[in-house]
Amino acid sequence: MVWKKHDYEDIPGSYVFDGKIAHSAYAMNKLFYSFNDESCREEFNADPAAYCDKFGLTDEQKALVVKQDFLGVLRSGANIYYMAKFAIPRGVSVQDAGAAFQGITGDEFREKLLEKREGLEERLKKEGGYWNG
Amino acid sequence: MAEIIGGITTSHIPAVGNAISDGLTQEHYWKRFFDGYQPVHQWLEEKKPDLIIVVYNDHGLNFFLDKVPTFAIGCADAYQNADEGWGLKPTAPFDGDAEFSWHVAESLINQEFDMCTCQEMLVDHGFVNPMRVLFGDHEVWPIKAIPLAVNTVQHPLPSARRCYKLGQALKVAIDSYPEDMKVVIAGTGGMSHQLQGERAGMINVDYDLECIESIINDPDWFADQSTDHIMEQAGTEGIETIMWMVMRGALGEKVNCLHKHYHAPISNTGAGVLLLEGGA
């Protein structure tokens, strides 16, 4: 019984959601998936710890979910799209979660992204053929 | 006979739908992105296609991780949007075309693409936002629509080459449908972005532009790239751009590019809009 190693594990600063992670974090992702249903969101909100037990989370994962530690939840195998169902209604965007990995604020993260726009139109003009208004 | 009259690429990210709902499309942040669809709107208005196949990935609305089909096609009369956990109001349902879908599924399976056929299929933002950005909001949508879902969420994923070949098989399937019908294929998602990990927020403009040129003129360049290489260059979620290859494969060997547009950043992503017609 061994998880085969993949080359993508060497991509720096990246977590590829594969069978190994999906297997170990199955219960937690299933809990987040249940949030598609409003009645499940309400049931969770009424007693988060009991809801985690219902889905069979490990003690460690349960602690992260109850604390709403979104970064911890991602590090322990939550898929980003499933985590979003937990975080977004609590005012934490996917960008905020990305920022947390780098220890910066969501606003700082968005500023860094905006730098990508600098010089873009000139670059595309040089490239040729791009629509530009 | 049915005919593929063109292919479109578009982003499908949630923020696009939110910007439409909140009336922000002409705000500075969004204007250049949304204005880049104008030539596509004109083309759709002029050509009036009957049906659109939207190639997208489900993000945990219709499919949970218990069953993850590599390729799935809607085979229903209609498709519903639903709450993805954020409490947003669902859009009006989309009319499909079950007879057409079953023909396409049968043809694809005969061509050794073992599709998952779905008689019920909830469509999430990956499908809905392309429809909204291409056609606007409607209580009754002006075009029939069919969801074709590609797994880009849980590895192992299909390769770019496999997506390209699926598109080629899709062309055979559509060209052999006996009803006169104008069909458009939308490849959605991408371009470079990474949502999680210390590298979150990366956008690779150079690579995105290389991918755009390849998808127009030299699809083998992109088709030859491994999933690992694409993730390294475009980010773990940037792998979504492989879905453009389904659209590209369906257009035949050569294409005429009627419109190309690129913008960054849109939320975390580089965003590309292409309008292509099959060429000689």
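The structure contained in this document is the topic of the report that follows. (Residues numbered from 1 in each chain as written. Chains lettered and ligands numbered in written order. Predicted model: local features only at pLDDT ≥ 70, side-chain atom pairs only at ≥ 80, totals over all residues. Heavy atoms only, no water.)

**Some points on the packing of aromatic side chains**
Residues and elements named next belong to chain A. Enumeration over the complete set of coordinates arrives at 25 aromatic pairs over all chains. Consider the rings of Tyr 33 and Tyr 82, whose centres lie 6.2 Å apart with planes at 50°: the pair is tilted. Residue Tyr 33 is found in helix H2 (residues 26-33), and its partner Tyr 82 is found in helix H7 (residues 80-87); the two are separated by 49 residues along the sequence. Assessed through its relative accessible area of 2%, Tyr 82 is described here as buried. Aromatic rings pair up to connect Phe 32, Phe 35, Phe 44, Tyr 51, Phe 55, Phe 70 and Phe 86 into one cluster. A cation over an aromatic ring shows up here: Lys 85 above the ring of Tyr 82, its NZ or CZ 6.0 Å from the ring centre. (Phe/Tyr/Trp six-rings, centres within 6.5 Å; stacked < 30°, edge-to-face > 60°. Helix = DSSP H or I, 4+ residues; strand = E, 2+ residues; numbered from the N terminus. Buried < 20%, exposed > 50% of the residue type's maximum accessible area, 1.4 Å probe, protein only. Lys NZ or Arg CZ within 6 Å of the ring centre and 35° of its normal.)

**Some points on the pattern of salt bridges**
Per the stated rule, a full pass over the model turns up 22 salt bridges over all chains. Residue Arg123(A) pairs with Glu127(A) through a salt bridge whose shortest N-O separation is 3.2 Å. Here Glu127(A) and Arg123(A) lie together in helix H10 (residues 120-127), a separation of 4 residues that amounts to about one turn. Classification of Glu127(A) by relative accessible area gives partly exposed; the value is 34%. Among the salt bridges present, the one from Asp175(B) reaches Lys171(B), with a minimum N-O distance of 3.0 Å. (Salt bridge = Lys/Arg side-chain N within 4 Å of Asp/Glu carboxyl O.)

**Remarks on the interface of chain B and chain A**
Tallying the contact residues gives 52 residues for chain B and 48 residues for chain A. When the two sides are added together, the surface that chain B and chain A hide from each other amounts to roughly 4500 Å², 59% of it contributed by carbon and sulfur. Three residues, Arg32(B), Phe64(B) and Glu198(B), lead the burial of chain B against chain A; their summed loss comes to 15% of the area buried on that side. Taken together, the links from chain B to chain A amount to 4 salt bridges. Linking Arg32(B) and Glu121(A) is a salt bridge whose minimum nitrogen-to-oxygen distance equals 3.8 Å. Run the count over chain B and chain A and you get 25 residue pairs in polar contact (both at pLDDT 80 or more). Looking at the side of chain B that touches chain A, the elements with two or more residues in it are helix H2 (28-35), helix H3 (38-47), helix H7 (205-217), helix H9 (227-234) and strand S10 (255-266) of chain B. By residue number, the principal contributor to the side of chain B that touches chain A is S10(B), which donates 7 residues. (Contact = heavy atoms within 4.5 Å. Buried area = accessible area lost by both parts, 1.4 Å probe. Polar contact = N/O pair within 3.5 Å; in protein donor to acceptor, adjacent residues only side chain to side chain.)

**Considerations on the sheet that holds strand S3 (residues 71-74) of chain B**
All names here are of chain B. Ordered in space as S6-S3-S8-S2-S9-S1-S11-S10, the 8 strands form an open sheet in which the pairing is mixed. At either end of the open sheet lies a strand with only one pairing partner, and these are strand S6 (116-118) and S10. Shown here is a sheet whose adjacent strand axes are inclined to one another by a mean of 20°, direction ignored. Against the sheet, helix H5 (residues 125-135) touches strand S1 (2-10), strand S2 (51-56), strand S8 (144-150) and strand S9 (181-188), its axis set at about 135° to S2. (Pairing = 2+ DSSP bridges. Axes fitted to C-alpha atoms, helices over the stretch in contact; angles between N-to-C directions.)

**Topic: H3(B)**
Residue and element names in this part refer to chain B. All of the buried residues in H3 are Val 40, Trp 43 and Leu 44. Looking down the long axis of H3, one finds its buried residues gathered within 100° of arc, a one-sided arrangement. Among the exposed residues of H3, those oriented more than 90 degrees off its buried face are Gln 42, Glu 45 and Glu 46. On its buried side, H3 packs onto S1, H5, S9, S10 and strand S11 (269-278). (Arc of directions from axis to C-beta.)

**Considering the pairing of S1(B)**
Residue and element names in this part refer to chain B. Most of S1 sits inside the fold, with 8 of its 9 residues counted as buried. Here S1 pairs with S11 via 3 bridges, running antiparallel. Each bridged residue has a counterpart across the sheet, and for Gly 7 the counterpart in S11 is Leu 276.

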